[in-house]
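# Observations on chain architecture
So the chains spell out like this:
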Amino acid sequence: MSGLVDVRGLSVATQHGAVILDGVDLELADGTVTGLVGPSGAGKTTLAHALLGHLGPGLRRTAGTVRVAGLDPFTLDGRRALRGRVTGYVPQDPASALNPRHRVLTQLDAADRIAHPGADRRDRARRVAEAARAASLDEHLLRRHPGRLSGGQAQRALLARTLLTEPRLIVLDEPTSGLDPATAHAVGSAFADLPWRPAVLLVSHDLSVITRMADRTFTVAAGRIAPAPKATAPPAVVRAPVCRPDHGQASMLSVTGLTVRRGEARILDDLSLAIAQGEMVAVRGDSGSGKTTLARALAGLAPPAAGQLRLHGRPVGWDASARARTGGPFLAYVGQDARAALNPHEPVHRTLGRARASAARNGRSCGWGPEEVLDRFGLDPAHLERRPDQLSGGQRHRVALARAITAAPAVLLCDESTASLDPATEERVLEALDRYRRERGTPVLLITHRDRVASRADRALTLSEGTLR
Amino acid sequence: MTRRTVVLALPVVAVLTIALAGPWLAPGGATTPVGSSFEAPTDSYPMGTDVLGRDALARLLVGGRVLVLQALAATLLGSAVGLGAGVWAGITHRRRLGLALMRSVDALAALPALLLLLLLATGAPGDDVVVAVGIAIVSAPFSVRVVHAGTARLVGTEYARHAAARGEPLLARVRRDIAPGLAPVALAEAGIRFVAATQLAATAGFLGLGAGAPTANWGRMVRENSVGVTMNALPVVVPAILLVALAVSLTVLVDRASVPTRLAPERIDRAA
Amino acid sequence: MRLDLWIAVRVVAALATLTALSVVVFWATEVLPGDAAGVLSGPHATDAEREAIGVALGLDRPGAERYLEWMRGALGGDLGTSLATGRDVAGIVGARLVTSLAVLVPAVMMIVTLAGVLGTAAGLRQGGRLDRWLSGTTLGLIGTPDFLVATVLLAVFTAWWPVLPAVALVRPGESLWQHPELVLLPAVALALGGFGATMRLLRASVAHTVATPFAEFARLNGVRGLRYVWGVVVANALAPAVMALTVMTAGLLGGAIVVETLFNVPGLGSELTQAVAHRDVPLVQGLSLVLGAITLLLLLVGDVTARLLDRHGPTATGPAR
């Protein structure tokens, strides 16, 4: 027995025989922090849950053993002895992990009963108070129901629970997803530097988060486990290569004071943007910086909390269908999920036909016929007869673009629309977009994280902390 | 169609055939006595006689058509109302009006179904059409709710929102973006409502609503003949089995076909 | 929305629904063709005789006027007199209500106990043997109309194996409450009618709770046994369960019409079917109004209870209804 946790040749499969874990070996020693990364569906959560003797619905263990502190969590007795005493589990979303019916104090008390059965009542109260203090959870928060805690407070309640039960093995499932980098780091180090030196297993899909906290990291892919490659330096923030504000040119689209809130946080904060006729502007930024939110707000699909939008100097409402009813302009949005954007029951020719009819109703025309627009995006006319499920992912993206252009929008908003294309096709699509905006004078907003796409634009802006710069 | 589906569909087809084609197959009159009451089955009267000594088989064959036609008419009428009101409330931009409509539907659904049926029967006694209309009225709220929920889901899809943003006319959006996705939901919902409607129609017959006494009706057969169940059980048991077989196999069929639409049978049961 | 405001809105909505119901009741019984004058005067009466009776009943006045008069009386507890017996409708309704409750209350208690225990057990172990067995049984029960369940019970326990009385007749001066053996069969018939749907709704509610992140968190951190079932699952499944139970209870009023008629229980339901058969318009109106009012009151109480239970819930928006 070399460590606290000893997994030997663990294999897990679904009822139908699909292999989730394939002969996994894993050892965890006291006082070490181990990271587990991999794409979703690779089996990392299944492995983490297996240490707790839990398998998801429809899964079964086909081979191998798991020992935690010498006990088998897959037996009833092992589970009873381990869960809540030797092992502690901290799930992805702390706010939804607490029982909404009971006060925090009641839940901490119950956790202590499990970890230290038969203890004296005064000892228990003292331990709970100490743990809450150590997790900097105020006393008045203890009397609250979880529904009245913020995400951070719920996170601290879980930390208090962990401090209270002092488990020798802590399994952290995606502890930092949905947190900004600074908070994620704080949370990670709080769990990584616990005084009784437990073994910690960190599960995440994000390698950069894990390598900062973990002593060693494994990747899980297709049910197999392997040591992760040494972490590379975090990518340096690349400055926008070109920045040519077109002074003096009357802007066709202008946005001022755009603010989007999500709960307390401001995703976009008093953002301003102006785009001239026929201009192509790239917007870049980290994931989660609000790029998609910006594009969807402009398209009228997710109206913001505040802000003013003008086209040709005239104010335009935020809601897309209200715009359409009042004869307002159409701002086309082409997003990342082309499967959702296309009607699954409709062949391509009808999709484009409807877009043409829309343009005609507004007295506009894209100028390109269905065959021509498909050809410009590198699609065969034979695709006109196909439905979305008969197209590949990249083809669907191009059909979504073709539909947007055919509807002759006032502005075209492309949100990573070319991300799934191979370089040659991407080049062709960008060429088509470039030509289109030059011919028709339609402004194009390109949201991208790639330099090659951004370099196509007349200028590139970066979205960070809710504003463009 | 899997084999199980076929096996499940068989009772449905059989019961509906007996009910609809029965009056043509009935041997002799269903209202004239042929013997004394509750006689045991014989070769000429395979189900024996009923409480008034009438041929029970003839009454069985005659007594299903009205019930099934009532249920069918009520289901179609309810679907028409449900599709009209549900789709409109789901897609309209007049949110308050849509909400007000759904609240009134909730209020209507709060009333006991049998109470409304009895009230209508008081107003227009002895009328089978009124019973069908009554069943349609009490089951329509379910249809409106389900269709509304389905429409709201489809209106929220990315492609439907794009079409609305492009300013496509309402009817075109309903036809292209809503109808194809809504069809399976509406069908499953209609199936469940048809089951409930047959039960309500049978209950109406049991309570003596609709066309008057000598007319045969499966619900009324159960009522009339329950007193003689020890002498001749067939006039009670056979119509009961037909009703249950229809309800259970249709419910299971809908349940299997509509797993993604999540229409549980218990949702409509409280209307029945 | 604040709780007291929310409750006020619900009460107003229930009152509005009751008002709408009273209009429907009045319209269906007074304005539709089967009018009281025609019934009272008999099928062979001349038009003049019919008209005379109509004038005597006040039917020549406009409907709206008569409706307002009826409502004014109803608010003061006066529901008119029965055409058939000449007795006070409010008095009949009161007496019948007590009898109906003698059957309804035991039936509701049976359902709550059985459906509560079995629904929780099935929901905790989804796909288990009990769950599968109950799923089949309840589907059969749901597929069986109330009147068939009642008829089967009647046939089995009074004809083939006569251990229980077929009709719930009590001597004058006695109450049905004093005779549990008379109540048993109708109550079981009623309970079986409501059990299937209720069990399935409770099971769904429990299964939904079992699948929540906080239930998984509790399981994976060693919460088990009664502490898990009661403190985590039942505590959180209770609000939707209360909704399901009140909807079921309200639905039993409809089932009671059938069961009472079949077992000759002299309750609201059997009185209503008889009144309908005799076209006793004031009695039908009074019974319908009271049945509707009870239904709406039950649903209101269920709504408010579920909301109160749910006030610490993650959404705190209250159940949609």
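Note that the structure is a prediction, hence the values are computed from the model and not measured. (Residues numbered from 1 in each chain as written. Chains lettered and ligands numbered in written order. Predicted model: local features only at pLDDT ≥ 70, side-chain atom pairs only at ≥ 80, totals over all residues. Heavy atoms only, no water.)

## Side note on the overall build of chain C
Definition in use: Here a helix means four or more residues in a row that DSSP labels H or I, a strand means two or more in a row labelled E, and each is numbered from the N terminus. Note on contacts: a residue pair is in contact if any heavy atoms of the two residues lie within 4.5 Å. For accessible areas, the Shrake-Rupley method is used with a probe of radius 1.4 Å. Any residue's cover is judged against the shown protein chains and nothing else.
When helices and strands are tallied, chain C shows 12 helices and 0 strands. In chain C, the succession of α and β elements from N to C terminus is α-α-α-α-α-α-α-α-α-α-α-α. Pairs at least 24 residues apart make up 71% of the contacts formed inside chain C by residues separated by at least 6 positions. Of the roughly 14,400 Å² that chain C leaves accessible, carbon and sulfur atoms contribute 68%.

## Considerations on the interface of chain C and chain A
Much of the literature gives interface size as the accessible area that the parts lose upon coming together. Put simply, the test is: Here the quantity called buried area is the accessible surface, traced with a 1.4 Å probe, that two parts lose on coming together, added over both. One speaks of a salt bridge when a side-chain nitrogen belonging to Lys or Arg is within 4 Å of a carboxyl oxygen belonging to Asp or Glu. Residues adjacent in sequence count toward polar contacts only when both atoms are side-chain atoms; beyond that, a polar contact is any pair of N or O atoms within 3.5 Å, and within protein one must be able to donate a hydrogen and the other to accept it. In this classification, the charged set is Asp, Glu, Lys and Arg, the nonpolar set is Ala, Val, Leu, Ile, Met, Phe, Trp, Tyr, Cys and Pro, and all remaining amino acids, among them Gly, are polar.
Between chain C and chain A, the contact holds 20 residues from the first and 24 residues from the second. With both chains or domains summed, chain C and chain A bury close to 2,100 Å², and 55% of this area falls on carbon and sulfur atoms. Across the contact surface, chain C and chain A share 0 salt bridges. Across the contact surface, chain C and chain A share 10 residue pairs in polar contact (both at pLDDT 80 or more). Looking at the side of chain C that touches chain A, the elements with two or more residues in it are α9 (213–220) and α10 (225–263) of chain C. Tallying contributions element by element places α9 of chain C first for the side of chain C that touches chain A, with 6 residues. Across the side of chain C that touches chain A, the residue classes break down as 9 nonpolar, 6 polar and 5 charged.

## Observations regarding the UniProt feature "transmembrane region" (unreviewed entry) in chain B
Residue and element names in this part refer to chain B. To keep things clear, this is the line we draw: UniProt positions are given in the numbering used here, feature names are shortened, and annotations may be inferred rather than shown by experiment.
UniProt annotation of "transmembrane region" (unreviewed entry) refers to residues 67–91, 103–123, 129–147, 194–213 and 233–254 when read in the numbering used here. Across residues 67–91 one finds 100% helix and 0% strand; the C-alpha atoms that close the span lie 35 Å apart. Secondary structure content for residues 233–254 is 95% helix and 0% strand, while the C-alpha to C-alpha distance between its ends is 31 Å.

## So, helix α9 (residues 291–299) of chain A
Just so we agree on the cut-off: Each residue gets one of three labels from its accessible area relative to the maximum for its type: buried under 20%, exposed over 50%, partly exposed in between, using a 1.4 Å probe on protein chains only.
Summarising burial for α9 of chain A: 8 of the 9 residues are buried, a large majority. Looking one or two residues past α9 of chain A, G300 of chain A carries a phi angle of roughly 85°, positive in sign.

## Re the pattern of salt bridges
Taken as a whole and assessed by the stated rule, the structure comprises 34 salt bridges over all chains. For R96 of chain C, the salt bridge goes to E271 of chain C, with nearest N and O atoms at 2.5 Å. Of the two residues, R96 of chain C sits in helix α5 (residues 89–124) while E271 of chain C sits in helix α11 (residues 268–277), which places them 175 residues apart along the sequence. By the burial criterion, R96 of chain C is buried, and E271 of chain C matches it. Salt bridges sharing partners connect three or more residues here, namely E426, E427, E431, D434, R437, R438, R452, R456 and D458 of chain A.

## As for the UniProt feature "transmembrane region" (unreviewed entry) in chain C
Residue and element names in this part refer to chain C. Taking the UniProt record as the reference, the feature "transmembrane region" (unreviewed entry) is found at residues 7–28, 97–118, 139–163, 183–202, 228–259 and 283–301. Regarding residues 183–202, the helix share stands at 100% and the strand share at 0%, and the terminal C-alpha atoms are separated by 26 Å. A helix fraction of 100% and a strand fraction of 0% characterise residues 228–259, whose end C-alpha atoms lie 39 Å from each other.

## Structural notes on the sheet that holds strand β8 (residues 216–221) of chain A
All names here are of chain A. As a reminder of what qualifies: A pair of strands counts as paired when DSSP detects no fewer than two bridges linking them. Angles shown run from 0 to 180 degrees and are taken between the N-to-C directions of axes, each axis being a line fitted to C-alpha atoms and, for helices, limited to the stretch in contact.
One open sheet holds the 6 strands; their spatial order is β5-β6-β7-β3-β8-β9, and the pairing between them is mixed. Either end of the sheet is taken by a strand with one partner, and the two such strands are β5 (87–90) and β9 (224–227). Sheet twist, expressed as the average angle between the axes of neighbouring strands with direction ignored, equals 20°. Bridge count for β8 against β9 is 4 bridges, and the pairing is antiparallel.

## Some words on the confidence of the model for chain B
Interpretation of the predicted coordinates at a detailed level should be avoided for regions scoring low in pLDDT. Where we set the bar: What pLDDT reports is the predictor's confidence in each residue, on a scale of 0 through 100.
Per-chain confidence: chain B averages 81 in pLDDT, with 93% of residues scoring 70 or above. Confidence over residues 259–272 of chain B falls short of pLDDT 50; this stretch has 38 contacts with residues more than four positions distant or in other chains.

## Some details on the sheet that holds strand β2 (residues 19–28) of chain A
Residues and elements named next belong to chain A. Spatially, β2-β1-β4 is the arrangement adopted by the 3 strands of the open sheet, whose pairing is antiparallel. Of all the strands in the sheet, the pair left with one neighbour each is β2 and β4 (59–68). In this sheet, adjacent strand axes meet at a mean angle of 10° when their direction is disregarded. The sheet strands contacting helix α1 (residues 44–51) are β1 (5–14), β2 and β4, and the helix crosses β2 at an angle near 55°.

## As for the pairing of strand β17 (residues 444–447) of chain A
Looking down a regular strand, the side chains alternate between one sheet face and the other. All names here are of chain A. The cut-off we apply is this: Here the term right-handed applies to a crossover when the path leading from its first strand over the helix to its second strand runs clockwise, the strands being oriented away from the viewer.
The alternating pattern of β17 places V444 and L446 and L445 and I447 on opposite faces, both of which are buried. As judged from the 4 bridges shared by strand β12 (residues 280–284) and β17, these two strands associate in the parallel manner. By the bridge assignment for β17, A282 is matched with L446. Pairing of strand β16 (residues 411–415) with β17, which is carried by 4 bridges, proceeds in the parallel orientation. Bridge pairing in β17 places C414 opposite L446. Remark: the β16/helix α15 (residues 423–440)/β17 crossover connection has right-handed handedness.

## Side note on the nonpolar core
The criterion, for reference: Grouping buried Ala, Val, Leu, Ile, Met, Phe, Trp, Tyr and Cys residues that are joined through side-chain atoms within 4.5 Å yields what is termed a nonpolar core.
Formed by 110 residues in total, the largest nonpolar core has its most connected members in L209 and W218 of chain B together with F263 and L272 of chain C. Ranked by residues supplied to this core, first place goes to α10 of chain C with 12 residues. The residues contacting W218 of chain B, other than those within four sequence positions of it, are V15, I18, A19, L60, G63, G64, L67, P239, L242 and L243 of chain B. In terms of nonpolar packing, the next biggest core, distinct from the first, is built from 65 residues, A42, L98, V104 and L159 of chain A among them.

## Description of the packing of aromatic side chains
Residue and element names in this part refer to chain C. Our working rule: Only Phe, Tyr and Trp rings are paired, with Trp represented by its six-membered ring, and only when their centres lie within 6.5 Å; those with planes under 30 degrees apart are stacked, over 60 edge-to-face, the remainder tilted.
Scanning the entire structure with this criterion turns up 5 aromatic pairs over all chains. With a centroid separation of 5.7 Å and 35° between ring planes, the pair formed by F26 and W70 is classed as tilted. Highlighted residues: F26 in helix α1 (residues 3–31) and W70 in helix α4 (residues 63–75), separated in sequence by 44 residues. The class for F26 is buried, based on a relative accessible area of 6%. A relative accessible area of 10% means that W70 is categorised as buried. One aromatic cluster in this structure is built from F26, Y67 and W70.

## Topic: the interface of chain C and chain B
On the side of chain B, 45 residues touch chain C, which itself brings 43 residues to the contact. In total, about 3,800 Å² of surface goes out of reach between chain C and chain B, with carbon and sulfur atoms giving 76% of it. Connecting chain C to chain B are 0 salt bridges. The tally of links between chain C and chain B comes to 0 residue pairs in polar contact (both at pLDDT 80 or more). Ranked by residue count, the leading element in the side of chain C that touches chain B is helix α12 (residues 281–309) of chain C, at 7 residues. Along the lines of polarity and charge, the residues of the side of chain C that touches chain B split into 26 nonpolar, 14 polar and 3 charged.

## Points about unusual backbone geometry
Residues and elements named next belong to chain A. Unlike most non-glycine residues, A222 shows phi in positive territory, near 50°. Mapped onto the elements of the fold, A222 is located in the loop between β8 and β9. Unlike most non-glycine residues, D270 shows phi in positive territory, near 50°. With respect to the secondary-structure elements, D270 resides in strand β11 (residues 265–276).

## Observations concerning the environment of R87 of chain C
Residues and elements named next belong to chain C. By the secondary structure assignment, R87 is in the loop between α4 and α5. On the basis of relative accessible area, R87 is assigned to the partly exposed category, the value being 46%. The sequence separation of R87 and V233 amounts to 146 residues, and the corresponding C-alpha distance is 52 Å. Apart from residues lying up to four places away in sequence, R87 is in contact with G80, T81, S82 and I92.

## Notes on the pairing of strand β3 (residues 33–37) of chain A
Residue and element names in this part refer to chain A. A large share of β3 lies buried, amounting to 5 of its 5 residues. A two-sided burial pattern is seen for β3, the buried positions comprising V33, G35 and V37 on one face and T34 and L36 on the other. Two strands pair when backbone bridges link them, and β3 and strand β7 (residues 199–204) are joined in this way by 5 bridges, in the parallel orientation. Note that in β7 the partner of T34 across the bridge is L201. Across 4 bridges, the pairing between β3 and β8 is parallel. Note on β8: the bridge partner recorded for L36 is F218.

## Considering the environment of F217 of chain C
Position of F217 of chain C among the secondary structure elements: in helix α9. Between the alpha carbons of F217 of chain C and L245 of chain C there is a distance of 29 Å; along the sequence they are 28 residues apart. Setting aside its immediate chain neighbours within four residues, F217 of chain C contacts Y89, P91, A97, L158 and R161 of chain A.

## Thoughts on the packing of helix α8 (residues 170–206) of chain B against helix α9 (residues 218–225) of chain B
Residues and elements named next belong to chain B. Put simply, the rule reads: These descriptions rest on fixed angle ranges, namely under 35 degrees for roughly parallel, over 145 for roughly antiparallel, 65 to 115 for roughly perpendicular, and the rest for oblique. For any pair of crossing helices, the crossing counts as left-handed if the nearer helix is rotated counterclockwise from the farther one by less than a right angle, and right-handed if it is rotated clockwise.
The interhelical angle for the contact between α8 and α9, taken along N-to-C directions, is 45°, at an axis separation of 6 Å. If you check the angle between α8 and α9, you find them oblique. Between α8 and α9 the crossing geometry is right-handed. Within the contact between the two elements, α8 uses A202, G205 and F206 and α9 uses G219, R220, V222 and R223.

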